[in-house]
Each structure stands twice: as C-alpha cells, then as structure tokens.
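Chain by chain, the residues run as shown.
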Amino acid sequence: MPQAPARKSEPCTPNMPSLESLIGREAAERIVAFRRDLHRHPEIGMETVRTSDKVEAMLRELGVDEIARFAKTGIAAVVRGAAGSAAPPARIGFRADMDALPAPDECGAAWASETPMRAHLCGHDGHTAGLLAFAAWAVQNRSAFAGEVLLIFQPGEEGWAGADKMLKDGLFEKYPVREVYAAHIAGLEPLGKILARAGAMTASADLFDIEVVGHGGHGARPHQTRDPVPAAAQLILALQTIVSRNVNPADPAVISVCSIQAGDPGAPSVIPERVRITGTVRTLSPAVRDLIEARIRETAESAAALAGAEAHVVYDRRYPPQINDAALAEAVLPVIGRTAESMNVELDDGFPASMGGEDFAFMSEVVPGLYIRIGNDDAGHNTGVHNPKFDFNDRALAVWTAVFADIVRARLPIANS
C-alpha cells in the first residue's frame, strides 16, 4: 500500500525557539527522525522490545554516563553534571512513556504505523523523543548543572502499570531521586502552551467487576427463580446515585458501567443464572476513592439481596490519582513561567484536572512529583489524543527540552552561580 505524502514542514510559531537552537541542527534532525521511526513502528504494553533497544542505542550515541534496564523493557540512564559538594550527589528524575495503543492509525503522514491495530495515538512517541532531546541537551551542557539527571523511559503506561513494574524492579533503590517530573502532550491545546499546577492532575483509574448470582429458570415461571436480571438493573441505576448522593459535589468523581452480560439472545425464555456488570471509577482524591469502593460493594450486596440473589464484587485499583506535590509546584512553577515567557508560549495554572488516568502517579507517590502538559495544536495538528488521526507535533519538542533544561538549572544549581 503506497504511503501518504509527507507533510510539508511548517514555520515555527513566531519567536518560538526551535529545537535546533537548543541542541544543534544535527541532534535535532536525528531526534525528529527517531520520533517518526517510533511512530512508524509502534509497540504496546510491556513488549516494547524494538522501541527500548532503539532508545538504548540512541542514549549511548548521545553519550550518557550510565544505562540500566528495569522490568525488561524499561530504561534508566544517568547524565552527570558538574562535580558538586554533595555526597552522594543530588539526583532528579524525568520520565517518558514509550508504548502505543491497540488501535488503527489514520494520521495520513509518511511515518504512519506499518503495524495493523498498533498506533501512537497518545503521543508517547513524542514523549520519548522529547526526553531524548533533553538527554542531548544535558550531555551538551553538563557544566550548567550540579548533581545527576536520571532519564526514565517507561513501557506499559496504557493499562499495564509499567511505572509500578519498574519501581518494583528496584528503579528508585538503584537510582534514588529527590524529585521526579513528567510531561504529556495536550492534543487540543495550542502548540507549546504549558499546563501545570499544584494538586490533582489526573484521576485514579479503577475497574469493577460485579457478578449478580441468582437461580435461573423458565421465563414463564419467574416465581420459581431468583431472577438476577432486575436486581442487576436496579444495581446499575443505584450505582449512579453513589456520586450524586454520597460524594461531595465539589469533589469530581465518575462511575461508568461499560458492559452488561446476561443470558443468551438465542434463549429468550430462559432466566439466566447470573449477570455480569463491569465498569470504571475515576476519582481525584484517595478519600473519595475509598468511599466509592465501599459504597459499590454495599450497593451491589443490597440490590442482589432484594431478589434473593448474591453479589460478588471485584474492585481492581489500577492507577492512583496523579497529585502534583504542593511544595515542589510552588518552587518550580515560577521556573516554568520564565520558560514559557522565553519561548513565547502561555503558562496555564488554572485548568481543571483530567478524569483520565496516568501511571506516573506511581512514581509521584514515592517521591515528590510534578506532571505537566504541553500543547500540540496548530493548523496541521488539531486532533485530540486517542483519535486515529492524532499525530505528535514535532515543533513541541523544543518546549519539552526547554522546560526540562530550565528545571534542571534551577533545581541542580551550580554553587555560587
């Protein structure tokens, strides 16, 4: 199948520095080519074998000081700055996710996915390239900071909890960090716009699986059964009142029932033995998370009991909420504000939290963390993430690099500089 023609390059936003101005022309061209190669060859989950090998090879070419693997496909690399007085030296971390989604790619670019039902629709190819661009800057500017920079390339963000797996494999034991940062593309925000603030950035992402078990029988003789279907129907409606009548309206929360399975369409006169209900829960605080889990269990058991049935509830806590550390945000937001000014882009610290999940939260539960978003949208990139037409905007790489570079200079300063 012939490839679509490459998009024409667009001029940078007026007065917005280019990636070339930050790391040089050769390195910038290599990073962009690397990003497009990743987009062409997406991998999902923890099986980012080709991606991880390519990242490790690029890090070695860039000249980082140390590389280690965690959870097989996760990578950590160290760049040492100027010698400082601290022993051991201060170290701060920066994380990027590498995995794609099991979905079709319809972006129309020359570098569109060559693998059916595999696509970088959430910008992780760009996140990886952005951290590599920052790695190039750090290697080129070792004298600009003291201590060490830890570069974390993580597989399995899209549902596999890759961050948690890297931590459990000893990431922060081998490379302790004082604080950790991550950035994510914001598909429909203006190109280069930076979104950062203290507090909740993304929601917890939990799943529930409820089985209502009764006693089946003939549809003409329901009195001889313990019908789980009306009990399940009442349960579905009751679940919606947990948020509306149990959670403070000032605390965002979502309960969505996303699948119902009962009986067989080919047996319309058979009352089934059981009904299965699955869905997702999103909250922005640990306390609300605890409340909703407890109320789901209580509501399911009560609804089932009314029909003489039983409810078996499995509540699976996947990702915790991403909560930006307040003290870290207070210290770093002025730095990001100056970066935004120098890049001629906007800093937004008043946006609402996302109800999507983000497994960087596993890392920021262990050490103070700050998660930011960077805008992707211009005339050629006006599609939100997880859309088959989404493609990362390579011009955002300059903002990625500048933000991380300014954070390093501010948080790992050279003595008396």
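Relevant structure appears above.
Reference entry: report on the structure contained in this document. Keep in mind that what you see is a predicted model, and the values were worked out from it rather than measured.

### Considering the overall build of the chain
Alright, step 1. In terms of regular secondary structure, the chain is built from 11 helices and 16 strands.
Alright, step 2. For a compact globule of 417 residues, the expected C-alpha radius of gyration is about 22 Å, and the chain comes in at 24 Å, within 12% of that figure.
Alright, step 3. Taken along the three principal axes of its C-alpha coordinates, the chain extends 80 × 55 × 40 Å.
Alright, step 4. Every one of the 417 residues in the chain was classed for burial, and the buried ones make up 53%.
Alright, step 5. Restricting to contacts in the chain with at least 6 residues of sequence separation, those with at least 24 account for 81%.
Alright, step 6. Accessible surface computed for the chain: about 17800 Å², of which carbon and sulfur atoms make up 53%.
Alright, step 7. Of note, the chain has its 40 positive side-chain charges centred 2 Å away from the centre of its 53 negative side-chain charges.

### Some thoughts on unusual backbone geometry
Alright, step 1. Unusually for a residue other than glycine, Ala71 sits at a positive phi of about 50 degrees.
Alright, step 2. Checked against the element boundaries, Ala71 lands in the loop between β1 (66-70) and β2 (74-80).
Alright, step 3. Exposure remark for Ala71: the relative accessible area of 19% places this residue in the buried category.
Alright, step 4. Even without a glycine there, the phi angle at Asn344 is positive, about 60 degrees.
Alright, step 5. For Asn344, the location among the structural elements is in the loop between α9 (326-343) and β15 (347-348).

### Let's talk about the packing of aromatic side chains
Alright, step 1. Tallied over the full model, the rule gives 10 aromatic pairs.
Alright, step 2. Ring geometry for Phe94 versus Tyr181: centroids 5.3 Å apart, planes at 20 degrees, classification stacked. Residue Phe94 is located in strand β3 (residues 91-97), and its partner Tyr181 is located in strand β5 (residues 180-190); the two are separated by 87 residues in the primary sequence. Summarising the burial analysis for this pair, Phe94 and Tyr181 share the class buried.
Alright, step 3. Centroid distance Phe134 to Trp137: 6.1 Å. Interplanar angle 10 degrees. Geometry classified as stacked. Pair noted here: Phe134 and Trp137 are both in helix α4 (residues 124-140), with a separation of 3 residues, about one helical turn. For the residue pair Phe134 and Trp137, the accessibility class agrees, reading buried in each case.
Alright, step 4. Three or more aromatic residues joined by ring pairs make a cluster, and in this case those are Phe94, Phe134, Trp137, Phe145, Tyr181 and Phe404.
Alright, step 5. In this structure, Arg36 packs its charged tip against the face of Trp111, placed 3.9 Å from the ring centre.
Alright, step 6. Across the ring face of Phe351, the terminal group of Arg197 is positioned such that the distance to the ring centre comes to 5.1 Å.

### Remarks on the sheet that holds strand β4 (residues 148-154)
Alright, step 1. A sheet is described by the order of its strands in space; here 8 strands give the open sequence β1-β2-β4-β3-β5-β16-β6-β15, paired in mixed fashion. Strand pairing shows two members of the sheet lacking a second neighbour, β1 and β15, which therefore form its edges.
Alright, step 2. Where strand β6 (residues 194-195) lies against β15, 2 bridges are found, and the strand directions are parallel. Residue pairing for β15: Ile194 is matched across the bridge by Leu347.
Alright, step 3. With respect to the sheet, helix α3 (residues 49-62) is in contact with β1, β2 and β4, its orientation differing from that of β1 by roughly 165 degrees.
Alright, step 4. In the packing of α4 onto the sheet, the strands contacted are β2, β3, β4 and β5, and the crossing angle to β3 comes to about 150 degrees.

### Description of the side chain of Thr401
Alright, step 1. Here Thr401 is to be found in helix α11 (residues 397-411).
Alright, step 2. For Thr401, the residues in contact, after removing those within four places along its chain, are Leu19, Leu22, Ile23, Gly130, Ala133, Phe134 and Trp137.

### Describing α9
Alright, step 1. For α9, spanning 18 residues, the distance from its first C-alpha to its last is 25 Å, which sits close to the expected 26 Å at 1.5 Å a residue.
Alright, step 2. The largest bend in α9 comes to about 35 degrees, at Val332, with the proline Pro334 one to four residues further on.
Alright, step 3. Turning to α9, its buried residues are Leu328, Ala329, Val332, Leu333, Val335, Ile336, Thr339, Ala340 and Met343.
Alright, step 4. The elements touched by buried residues of α9 are β5, β6, β15, β16 (369-377) and α11.
Alright, step 5. The backbone nitrogen of Ala327 has a side-chain oxygen 3.3 Å away, supplied by the residue at the start of α9, namely Asp325.
Alright, step 6. Looking one or two residues past α9, Asn344 carries a phi angle of roughly 60 degrees, positive in sign.

Conventions adopted
Residues numbered from 1 in each chain as written. Predicted model: local features only at pLDDT ≥ 70, side-chain atom pairs only at ≥ 80, totals over all residues. Heavy atoms only, no water. Helix = DSSP H or I, 4+ residues; strand = E, 2+ residues; numbered from the N terminus. Rg over C-alpha atoms; globule rule 2.2 N^0.38 Å. Buried < 20%, exposed > 50% of the residue type's maximum accessible area, 1.4 Å probe, protein only. Contact = heavy atoms within 4.5 Å. Areas by Shrake-Rupley, 256 points an atom, 1.4 Å probe, with all protein chains shown as cover. Lys, Arg positive; Asp, Glu negative; His and termini not counted. Charge placed at Lys NZ, Arg CZ, Asp CG, Glu CD. Phe/Tyr/Trp six-rings, centres within 6.5 Å; stacked < 30°, edge-to-face > 60°. Lys NZ or Arg CZ within 6 Å of the ring centre and 35° of its normal. Pairing = 2+ DSSP bridges. Axes fitted to C-alpha atoms, helices over the stretch in contact; angles between N-to-C directions. Expected span 1.5 Å × (residues − 1). Bend = angle between axes of the 7 residues up to and from the residue. Polar contact = N/O pair within 3.5 Å; in protein donor to acceptor, adjacent residues only side chain to side chain.

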